[in-house]
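The primary structure of each chain is shown beneath.
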Amino acid sequence: DAMVIQNPRYQVTQFGKPVTLSCSQTLNHNVMYWYQQKSSQAPKLLFHYYDKDFNNEADTPDNFQSRRPNTSFCFLDIRSPGLGDAAMYLCATSREGRGASSYEQYFGPGTRLTVT
Amino acid sequence: SQQGEEDPQALSIQEGENATMNCSYKTSINNLQWYRQNSGRGLVHLILIRSNEREKHSGRLRVTLDTSKKSSSLLITASRAADTASYFCATAPPGQNFVFGPGTRLSVLP
């Protein structure tokens, strides 16, 4: 049974055209993460939610925004995608105490974004 | 600079052989985790080892942790073609989020 679901699996957007990626989870985990992963590189954390508290990484571009309307869903909005934003976007969840990284993360299958 | 770095970057072995990957990190940690990623897919958690543990096993996987050397190793015994994947270590200084190393790309040849 899928626990972290990402839609769509593949997304093609035009340069500068806003795009939204979605993630949902059935684990009832309080923390949700968005990572960007470029080819042959490590996943890079963009931001995470601890419950409804949004935490942005210092080097995440302003072009990336996120929404978490409830425990189960989280969205990644890219306001004006550039060619450099083409990547795999991974959503992950964990049960976590604030400010700690004590538990494993559960990842979705990812959304591969192409920018034309 | 990376908090965690895997070594080697790429490893190619024959089916049935053992594969060893290493991870070095820079700061004190609460725990260290290893993940596997098949091509074009999400990451799958393999093992978590806490800073007060020295060795942990899970099936064909053995992970060691040496906090004095700030290093960990992942051993896959009796490798199979299905083990072909990228393997990442993830470390987090206390109170901070995980940072993934650049990964080791393992190819197991039939």
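Treat the numbers as computed from the prediction; the structure is a model and nothing was measured.

A. Here's a closer look at the overall build of chain A. A tally of regular secondary structure across chain A gives zero helices and 11 strands. Helices (α) and strands (β) of chain A occur, in sequence order from the N terminus, as β-β-β-β-β-β-β-β-β-β-β. A globule of 116 residues ought to have a C-alpha radius of gyration of about 13 Å, and chain A, at 13 Å, matches this closely. By principal-axis analysis of the C-alpha atoms, chain A measures approximately 40 × 35 × 30 Å. When the 116 residues of chain A are sorted by exposure, 50% land in the buried category. Looking at chain A alone, contacts between residues at least 24 apart form 57% of all its contacts between residues at least 6 apart. Accessible surface computed for chain A: about 5,600 Å², of which carbon and sulfur atoms make up 49%. Of the side chains in chain A, 11 bear a positive and 10 a negative charge, and the two mean positions are spaced by 6 Å.

B. Examining the state of the cysteines more closely. Applying the stated rule across the entire model yields two disulfides over all chains. Two residues share a disulfide in this structure: Cys-23 of chain A and Cys-91 of chain A, whose sulfurs sit 1.9 Å from each other. A torsion of -70° about the S-S bond marks the disulfide between Cys-23 of chain A and Cys-91 of chain A as left-handed. Placement of Cys-23 of chain A in strand S3 (residues 19-25) and of Cys-91 of chain A in strand S9 (residues 87-94) is noted, with a sequence separation of 68 residues between them. Disulfide partner of Cys-23 of chain B: Cys-89 of chain B, at an S-S distance of 2.0 Å. Taking the sign of the torsion about the S-S bond as the criterion, the disulfide between Cys-23 of chain B and Cys-89 of chain B, at about 60°, is right-handed. Of this pair, Cys-23 of chain B sits in strand S3 (residues 19-25) while Cys-89 of chain B sits in strand S9 (residues 85-91), and the two are 66 residues apart along the sequence.

Conventions adopted
Residues numbered from 1 in each chain as written. Chains lettered and ligands numbered in written order. Predicted model: local features only at pLDDT ≥ 70, side-chain atom pairs only at ≥ 80, totals over all residues. Heavy atoms only, no water. Helix = DSSP H or I, 4+ residues; strand = E, 2+ residues; numbered from the N terminus. Rg over C-alpha atoms; globule rule 2.2 N^0.38 Å. Buried < 20%, exposed > 50% of the residue type's maximum accessible area, 1.4 Å probe, protein only. Contact = heavy atoms within 4.5 Å. Areas by Shrake-Rupley, 256 points an atom, 1.4 Å probe, with all protein chains shown as cover. Lys, Arg positive; Asp, Glu negative; His and termini not counted. Charge placed at Lys NZ, Arg CZ, Asp CG, Glu CD. Disulfide = S-S within 2.5 Å.

Coordinates in, geometry out; function isn't part of it.
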